Amino acid sequence: MSETEPVPVAAAEALNITDSNGTQALNASAKFVATPEGTALAYGSLVFMALLPIFFGALRSVTCSKSKNASDMPETITGRDAARFPIIASCTLFGLYLFFKVFSQEYINLLLSVYFFGLGVLALSHTMSPLMSRIFPDSFSNKQYQLLFTQGAEETKEEIVNYEFDTKNLVCLLISSVVGVWYLLKKHWIANNLFGLAFALNGVELLHLNNVSTGCILILSLCLQVFGTNVMVTVAKSFEAPIKLVFPQDLLERGLEASNFAMLGLGDIVIPGIFIALLLRFDVSLKKNSRTYFYSSFLAYIFGLGLTIFIMHTFKHAQPALLYLVPACVGFPVIVALIKGELTEMFSYESSQEFLPGSPRLTSFPTVSGSPASLASSMDAVSMATGSSPRRRRLQPTSM
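Reading guide: rules and limits
Residues numbered from 1 in each chain as written. Predicted model: local features only at pLDDT ≥ 70, side-chain atom pairs only at ≥ 80, totals over all residues. Heavy atoms only, no water. Helix = DSSP H or I, 4+ residues; strand = E, 2+ residues; numbered from the N terminus. Contact = heavy atoms within 4.5 Å. Areas by Shrake-Rupley, 256 points an atom, 1.4 Å probe, with all protein chains shown as cover. Salt bridge = Lys/Arg side-chain N within 4 Å of Asp/Glu carboxyl O. Buried < 20%, exposed > 50% of the residue type's maximum accessible area, 1.4 Å probe, protein only. Core = buried A, V, L, I, M, F, W, Y, C linked by side-chain atoms within 4.5 Å. Patch = residues over 30% accessible without salt bridge, like charges linked within 9 Å, V, L, I, M, F, W, Y side chains within 5 Å. UniProt positions renumbered as here; feature names shortened; annotations may be inferred. Phe/Tyr/Trp six-rings, centres within 6.5 Å; stacked < 30°, edge-to-face > 60°. Lys NZ or Arg CZ within 6 Å of the ring centre and 35° of its normal. Polar contact = N/O pair within 3.5 Å; in protein donor to acceptor, adjacent residues only side chain to side chain. Expected span 1.5 Å × (residues − 1). Pairing = 2+ DSSP bridges. Axes fitted to C-alpha atoms, helices over the stretch in contact; angles between N-to-C directions. Parallel < 35°, antiparallel > 145°, perpendicular 65-115°, else oblique. Nonpolar A, V, L, I, M, F, W, Y, C, P; charged D, E, K, R; others polar.

**Let's talk about the overall build of the protein**
Item 1. Across its full length, the protein holds 13 helices and ten strands.
Item 2. Intrachain contacts of the protein at a sequence separation of at least 6 include 78% that bridge at least 24 residues.
Item 3. For the protein, the computed accessible surface area is about 18,000 Å², with 65% contributed by carbon and sulfur atoms.

Pasting the structure below:
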C-alpha cells in the first residue's frame with residue numbers, strides 16, 4: 001500500500017514504508033512516479049532520520065538510568081507489560097477505528113492535532129534542553145521556577161502537578177511552541193518530522209526494557225501484528241498526527257512544497273530502539289570499555305531497514321518493516337553473544353537493577369512532576385504506550 005496520509009502508532013508496523021511508485025499526491029488526482037534520484041534521496045533521508053533518535057536516545061538512556069532524581073527516572077517495561085502491550089495496542093487501534101466510523105473525521109483529527117501540539121511541544125523542548133544548556137554561557141542568569149498543584153488537607157495532601165523549570169527551559173518551550181503553531185496551522189512535513197524525531201528520541205530514552213527476555217517478548221509479539229487489516233488500513237488513512245517520519249520523493253522537482261511522501265512509522269523506530277538501548281546499557285554494565293552489542297544491534301537495524309526498502313522496491317508493494325527488523329535486531333546480538341560466550345550474561349542482565357528502590361514501572365504511572373524532561377517523559381510514555389493518565393502520589397517535599 002502506498003498512501004500519503006499519516007499512519008497511527010498502532011498501525012505503523014504494517015504501513016510504515018510507502019512504495020515509491022504510485023504514491024498519491026496531496027490535492028492531486030494523477031499518480032506521481034518518482035525519479036530514481038528522488039526515490040534514493042527519500043529513502044536515504046528516512047534511514048538517516050530513523051538512526052538519529054535510536055543512536056542519541058540510547059546514549060541518553062544510559063544517563064537517564066543513572067538519575068538520582070526519582071521524578072526524572074524512566075519507565076520500566078516488565079515481561080507482563082510486554083505481553084499485554086499488543087493487546088492494549090489492538091484495543092486502542094480498534095477504538096480509533098470505531099471513532100472514525102461513528103464520528104466526523106474532521107473533528108477527531110482537530111482534537112488529535114491539539115493534543116499532539118501540546119505533547120509535541122513538551123517532547124521537542126525536552127529534546128532541545130541539553131543543546132540549549134551548552135549554548136547559553138555560564139554568565140547567563142538562569143532562574144528556577146516551580147508550578148505546584150495539590151489536593152486535600154495537610155495530612156492527606158496529594159500532589160497533582162509538580163512542574164519545575166528554569167529560564168533555559170522557557171526558551172526551549174518558546175522555540176518548540178513556534179514549531180507547534182507551524183505544524184498546527186500548516187501541517188508542514190518538516191514540522192511533522194521535528195515532532196516525530198522528538199517523540200522517537202523520548203521513547204527510546206525514557207522507555208526501558210527490564211531485560212532481554214522482555215525485549216524479545218515485546219518485539220516478537222508486535223511482529224505478529226504487522227500485517228494489515230481493514231481496521232488498520234481505515235485508521236491509517238484517517239489518522240492525522242506527527243507519529244511518522246516523512247520525506248518527499250518530489251523534493252528535487254518541487255522544493256519544500258513537495259507533497260508525494262515516503263514514510264516510516266515511529267513504531268519501527270521506537271520498538272527496536274528501546275531494545276538497542278537496552279543492549280547499550282548491558283554493554284556499560286559489563287565494564288569492558290566496549291560497545292559490541294550496541295553496535296551489532298545498531299548495524300542490524302540498518303541492515304533490516306535496508307532489506308525492507310530493497311524488497312519493497314523490488315516487489316512494488318509496501319512492506320511491514322518490523323518483519324525484517326525484528327529478526328535482525330534480535331538475531332545479530334544473540335549470535336555475537338554465542339561467539340563471545342556471554343549469552344547467559346546477556347539474558348540474565350536486569351536493567352532495573354540500575355534504578356533506585358521503588359522505581360516506577362509502566363504499570364504504575366508517574367506524576368507529572370520535576371523538570372520539563374520529566375513532564376515530557378510522563379506524557380510520552382503514557383501516550384505512546386498505554387493511553388492512560390498518570391496516578392497521583394503523596395506530596396513529598398521538593399528541593400528547589
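**Topic: the pattern of salt bridges**
Item 1. Throughout the structure, instances matching the rule amount to five salt bridges.
Item 2. Where R84 meets D81, a salt bridge forms, and the shortest distance between an N and an O atom there is 3.4 Å. Remark: D81 and R84 occur in helix α2 (residues 79-102); sequence separation between them is three residues, near one turn of the helix.
Item 3. Residue R84 is classed as partly exposed on the basis of its relative accessible area, which comes to 38%.

**Re the nonpolar core**
Item 1. Counting residues in each nonpolar core, the largest one holds 85 residues, and the members touching the most others are F116, I269, F275 and Y301.
Item 2. Sorting elements by how many residues they give to this core places helix α9 (residues 267-286) first, with eleven residues.
Item 3. Discounting chain neighbours no more than four positions away, the residues touching Y301 are A50, L51, I54, L264, D268, I269, P272, I276, L325 and C329.

**Quick look at a nonpolar patch on the surface**
Item 1. A grouping of Y107, L110, V114, V181, L184 and L185 is seen on the molecular surface, where their side chains present a nonpolar patch of about 600 Å² in accessible area.
Item 2. Counting residues per element, the ones that place at least two in the nonpolar patch are α3 (105-135) and α4 (167-186).
Item 3. Inspection of the secondary structure assignment puts L185 in helix α4.

**With respect to the UniProt feature "transmembrane region" (unreviewed entry) in the protein**
Item 1. The UniProt entry lists residues 40-62, 82-100, 106-124, 167-185, 216-239, 259-280, 292-315 and 321-339 under the feature "transmembrane region" (unreviewed entry), expressed in the numbering used here.
Item 2. Helix makes up 100% of residues 292-315 and strand makes up 0%, while its end C-alpha atoms are separated by 34 Å.
Item 3. Along residues 321-339 one finds 95% helix and 0% strand; the C-alpha atoms at either end are 27 Å apart.

**Looking at the packing of aromatic side chains**
Item 1. In the structure shown here, the tally under the stated rule is 16 aromatic pairs.
Item 2. Between the aromatic rings of F55 and F294, the centroid separation amounts to 5.8 Å while the plane-to-plane angle is 45 degrees, which identifies the pairing as tilted. Of this pair, F55 sits in helix α1 (residues 36-65) while F294 sits in helix α10 (residues 292-315), placing them 239 residues apart in sequence.
Item 3. By relative accessible area, which is 26% here, F55 ends up partly exposed.
Item 4. Residue classification places F294 among the buried residues on the basis of a relative accessible area of 1%.
Item 5. Aromatic pair W189 and F247: ring centres 5.4 Å apart, planes at 70 degrees, arrangement edge-to-face. With W189 in helix α5 (residues 189-206) and F247 in strand β7 (residues 244-248), this pair connects stretches of sequence that are 58 residues apart. The pair formed by W189 and F247 is uniform in burial state, with each residue classed as buried.
Item 6. Through successive ring pairs, a cluster of aromatic residues spans F55, F56, F294, Y295 and F298.
Item 7. Against the face of Y183 rests K187, its NZ or CZ located 5.1 Å from the ring centre.

**Details of the side chain of T78**
Item 1. For T78, the position within the fold is in the loop between β3 (75-77) and α2.
Item 2. Among the polar contacts listed, one links the side chain of T78 to the side chain of D81, at a separation of 2.9 Å.

**Focus on helix α6 (residues 212-223)**
Residues spaced three or four apart along an α-helix face the same direction, because each turn holds 3.6 residues.
Item 1. The end-to-end C-alpha distance of α6 is 16 Å, a good match for the 16 Å that twelve residues give at a rise of 1.5 Å each.
Item 2. Most of α6 is tucked away, with nine of its twelve residues classed as buried.
Item 3. Here α6 has its buried residues at V212, T214, G215, C216, L218, I219, S221, L222 and C223.
Item 4. If you follow the buried residues of α6, they end up packed against β3, α2, β6 (207-209), α9, α11 (322-340) and α12 (343-348).
Item 5. The opening residue of α6, the one whose side-chain oxygen lies 3.2 Å from the backbone nitrogen of S213, is N211.

**Considerations on the pairing of strand β8 (residues 261-265)**
Item 1. Counting buried positions over the five residues of β8 gives five, a clear majority of the element.
Item 2. Side-chain alternation along β8 places F261, M263 and G265 on one buried face and A262 and L264 on a second face that is also buried.
Item 3. Bridging between β7 and β8 involves five bridges; their strand directions are antiparallel. The partner of P248 across the bridge, within β8, is F261.

**A short note on the packing of α9 against α11**
Item 1. The interhelical angle for the contact between α9 and α11, taken along N-to-C directions, is 5 degrees, at an axis separation of 10 Å. Classified by the angle their axes make, α9 and α11 are roughly parallel. Of α11, the residues touching α9 (which contributes G267, D268, P272, F275, I276 and L279) are L322, L325, C329, V330 and P333.
Item 2. Classifying every residue of the contact of α9 with α11 gives nine nonpolar, one polar and one charged.

**Observations concerning the environment of Q146**
Item 1. Relative to the helices and strands, Q146 is located in strand β4 (residues 144-151).
Item 2. With 20 residues separating them in the primary sequence, Q146 and D166 have C-alpha atoms 8.4 Å apart.

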